[in-house]
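Listed here are the chains, written in short residue letters.
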Amino acid sequence: MNVEVRVPSLGDFKDVPVIAVLVEVGQSVAKDDPLVTVESDKATMDIPSSHAGVVREIKVAEGDRLGEGRIVAVIETSEALQADAVPAAPATTVPTEPVERPTVTIDASVSQEPPPDLHFPLLVIGAGPGGYTAAFRAADLGMKVGLVERWPTLGGVCLNVGCIPSKALLHAAAVIEEAAAMEEVGISFGQPTIDLDRLRGWKSKVVGKLTQGLAGLAKQRKVELVRGEARFISPHRVEVIGDEGRRIVGFDQCILAAGSEAIRMPGVVEDPRIIDSTGALELQDVPRRLLVIGGGIIGLEMACVYSALGSAVSVVELGPGLVPGADRDLVRPLEKRLRSHYDAIWTGTKVTAIEAGDELRVSFDGKGVPAQQAFDRVLVAIGRRPNGRQVGAENAGLKVDERGFLPVDRQQRTNVPHIFAIGDIVGQPMLAHKATHEAKVAAEVAAGLKRYFDARVIPAVAYTDPELAWVGLTETEAQSKGIAVGKGVFPWAASGRSLALGRDEGFTKVLFDPKTHRILGAGIVGTNAGELIAEAALAIEMGADAHDLGLTIHPHPTLSETVCFSAEAFEGTLTDLYLPKKK
C-alpha cells in the first residue's frame, strides 16, 4: 500500500521553504525518519515519515515553499505495518536553544539493508581537530553522537603527527638557535648535547597531554567512540573495521572529517631512509645530510628542526620560489636566513630519480644545480591529498571532484543533504583552524540551528625561523586581479623590541582599500609572526580601517605595535620613521 506523507500543522508558520531533501527514491525509511527539512526565520523543522517503508516518490524539491497538507513523499508500506499506520507526527521545531533528539530505530523487517550494530542520530567520521570539535559541539547541543577514529588516540594527524609535535620540536630548535646567537653578545653555552630519546619522550609527553585531555572531554560529553576505519556502504550506513572486527553503524546525519594524507612521489623507490613528515617527526636519528623535497610550509618547518639539531640540510623546490602563496617580499628575509644556514636551496628544480644504495643518490634537473648528489635521508614534503576517495563516498551517493575534495555549501552540506563534510576533505586551505570553524557550523546545522560558514579570511602561518604569516588579500593576488590597494609597511629594524631580541630582519605590511581605507590584507615576517597576524584577521572581520588600527593604543615596546605603525605609515601619521610625503 502506498501512503502519502503530507505536511502536518506548522503552528504559526504558513509558508516555509524546503532547505534540504533528506531521502532519495528507493531509500528505506523508518517511522519518524526525517524526509525533508524546512526553515522559517526563527527555526528549522524536519517533516517526518508517518510510516516505515520505501520511498517511491518525492513530491518536493529544495527551494519549494510548503504549507499544511502539501504532499511531501509517497511511501510504500508492507501489509504488516498498515494496521499500525498513524497520522503524520507534528513537525519538530528546533529553536535557537538545543533540544534533546530521540534516537531513530530502523525497522529491519522493512529496511532493505541489514540492521546496524550501532545507530546514532549523528555520526562523526574522523577525530582530528574538525571531527572532535564537531562531535563535542553537537553533544553540547543535546545530540547523541558517535565518533569514529582509526588512530588509537583522538586528535588526528594534527595532534599526533602534525601541528603539535612539529611545534614542540620547533621550540627545541629555536632554543638551540637562540643560545648559539647569544655568543655574539658575550654569553656562550657551548655546543648542545642532543639526547634523542629524551627529546622524543618530551615531544610525546606534549602530545599525550592533549590527546588524553580530548579523551576526557569525550567521556564528559558522553560521545561514544567507535574504533576503526569507516567506509560508507549506503547513504545511512558505514562499515567500521577495527580491532573488534567489522561493525555496521547506522546514522541519521553524518559529519565527514576524514582529513588528508601526504602525497607520495611517483616512481620513488621504497626505502626506510625516504620519509614523509610523519617519519621526520619520529626522530629516528639526525642524518648527516638531509634533502627536503618541497619548499612549502611543512618541508621548511622540518628543515628548521633538523638544521638546528645538526643536519646539513638542502631544500629542492619545483616552483620558482619558497612558500608558494605568500608574497615574495615576505619570503625574502626568510630565504636569506635559510640560505645562510643550509647547504643549498634549489628552486625551479625537479627531482628526476632517487637511487638507493649505501647512500641515497638523488638526480636533479634545473638551472645551476648539480646533476646528482648523495644524502643520508630524504624527506618528501610535496603536499597533501584529501581522503575523499578513501571513504566509499560513491556508496553514499556523494560527489567527489577530480582532486578528491567533496563540494559543500555554506552550511557544510554535501550533495547528500544529511551528510556534511569539513576540514581538509572539502578544499583549501588545509588548516586545522579552518576545520574547527567549519565543524561548529556543521554541528549546529545538524542540531537544527540556522548557521553558515561566513569567515571573511583565514590566516596562514609558516612556523619557520623567522616565522611567516599572512591573511586576507595578498599583493600578488591584488596585482593579478587588478585590485587597487594602498600599503603601509613598517621595518622591524626600527622596532625597539625587535632590536632587543637581536632579530631585526622582519617587517609588517598591511594592505588597505585606497578609497575607504579599510584593511584588505596583511603579511608579517619575523619572530612570532604567527601570534601577531590574528589582530589583522580580526580587523578585517570587523571592517576596521587604518584609523582604527592607528588609534588603538598598543603596548610599547612590543612587536604588536608594528601593526599599528604600518597603519600610521599608510595614513601619513607615523613618527617612528621619516617617510617623505608623496607628491
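In this text, all values refer to a predicted model and were calculated from it rather than measured experimentally.

(A) The arrangement of empty space enclosed by the protein in detail. Scanning all chains against the criterion turns up four cavities of 30 Å³ or more. What lines the largest cavity is Ala-262, Ile-263, Asp-276, Ser-277, Ile-298, Val-380, Ala-381, Ile-382, Gly-383 and Arg-384. Its residues assigned to classes, the lining of the largest cavity shows six nonpolar, two polar and two charged.

(B) The arrangement of the side chain of Glu-317 in detail. By the secondary structure assignment, Glu-317 is in strand E19 (residues 312–317). Buried charge Glu-317 goes without a salt bridge, the closest partner of opposite sign being Arg-328 at 8.5 Å. Residues contacting Glu-317, with those up to four places away along its chain left out, are Gly-294, Gly-295, Gly-296, Leu-322, Pro-324, Trp-346, Thr-347, Gly-348 and Thr-349.

(C) Representation of the confidence of the model for the protein chain in the model. Scored by pLDDT, the protein chain has a mean of 90; 92% of the residues are at 70 or more. Low pLDDT, under 50, characterises residues 79–111; the predicted model gives this stretch 74 contacts beyond four residues in sequence or across chains.

(D) The pattern of salt bridges, seen in detail. Across all of its chains, the model carries 28 salt bridges by this definition. When the shortest N-O distance is used, the salt bridge between Asp-64 and Arg-70 registers 3.6 Å. The class for Arg-70 is partly exposed, based on a relative accessible area of 31%. Note that Lys-167 is salt-bridged to Glu-301, the shortest N-O span being 3.3 Å.

(E) Spatial organisation of the state of the cysteines. Within this structure, the stated rule accounts for one disulfide. The disulfide partner of Cys-158 is Cys-163, and the S-S distance across this bridge is 2.4 Å. Taking the torsion about the S-S bond as the criterion, the Cys-158 to Cys-163 disulfide, at about -130 degrees, is left-handed. Its relative accessible area of 29% is what places Cys-163 among the partly exposed residues.

(F) Representation of the layout of surface pockets. The volume enclosed by the second largest pocket comes to roughly 1,000 Å³. Those elements that place two or more of their residues in the lining of the second largest pocket are helix H4 (163–181), helix H7 (297–309), helix H8 (328–341) and helix H11 (496–501). Top element by residues in the lining of the second largest pocket is H4. It accounts for nine residues. Residues of the lining of the second largest pocket, tallied by class, amount to 15 nonpolar, eight polar and 12 charged.

(G) Molecular detail of the packing of H4 against helix H5 (residues 196–220). Contact pair H4 / H5: the axes reach a minimum separation of 9 Å and the direction vectors enclose 135 degrees. When the axes of H4 and H5 are compared, the pair comes out oblique. When the axes of H4 and H5 are compared, the crossing they make is right-handed. Counting all contacts with H4, which are made through Ile-164, Pro-165, Ala-168, Leu-169, His-171 and Ala-172, the residues of H5 involved are Leu-199, Trp-202, Lys-203, Val-206, Val-207 and Leu-210. Considered class by class, the residues forming the contact of H4 with H5 number 10 nonpolar, one polar and one charged.

(H) Geometry of unusual backbone geometry. Residues Gln-428 and Pro-429 are joined by a peptide bond in cis, for which omega reads -5 degrees. Within the secondary structure, Pro-429 is located in the loop between strand E26 (419–421) and helix H9 (432–446). Geometrically, the link from His-556 to Pro-557 is a cis peptide bond, its omega value of -5 degrees lying close to zero. For Pro-557, the position within the fold is in the loop between helix H13 (546–551) and helix H14 (561–571). Backbone geometry at Leu-283 places phi at a positive 50 degrees, although glycine is not the residue there. Here Leu-283 lies in the loop between helix H6 (277–281) and strand E18 (289–293). For Leu-283, a relative accessible area of 0% translates into the label buried. The backbone phi angle of His-517 is positive, close to 65 degrees, even though this residue is not glycine. Mapped onto the elements of the fold, His-517 is located in the loop between strand E30 (507–512) and strand E31 (519–526).

Cut-offs applied
- Residues numbered from 1 in each chain as written.
- Predicted model: local features only at pLDDT ≥ 70, side-chain atom pairs only at ≥ 80, totals over all residues.
- Heavy atoms only, no water.
- 1 Å grid on protein atoms, 1.4 Å probe; cavity = no way out; pocket = protein on both sides within 12 Å on 5 of 7 lines; lining within 4 Å.
- Points joined across faces, edges and corners; volume = space filled by probe spheres on them.
- Nonpolar A, V, L, I, M, F, W, Y, C, P; charged D, E, K, R; others polar.
- Helix = DSSP H or I, 4+ residues; strand = E, 2+ residues; numbered from the N terminus.
- Buried < 20%, exposed > 50% of the residue type's maximum accessible area, 1.4 Å probe, protein only.
- Lys, Arg positive; Asp, Glu negative; His and termini not counted.
- Salt bridge = Lys/Arg side-chain N within 4 Å of Asp/Glu carboxyl O.
- Contact = heavy atoms within 4.5 Å.
- pLDDT = per-residue confidence, 0-100.
- Disulfide = S-S within 2.5 Å.
- Axes fitted to C-alpha atoms, helices over the stretch in contact; angles between N-to-C directions.
- Parallel < 35°, antiparallel > 145°, perpendicular 65-115°, else oblique.
- Left-handed = near helix turned anticlockwise from the far one by under 90°.

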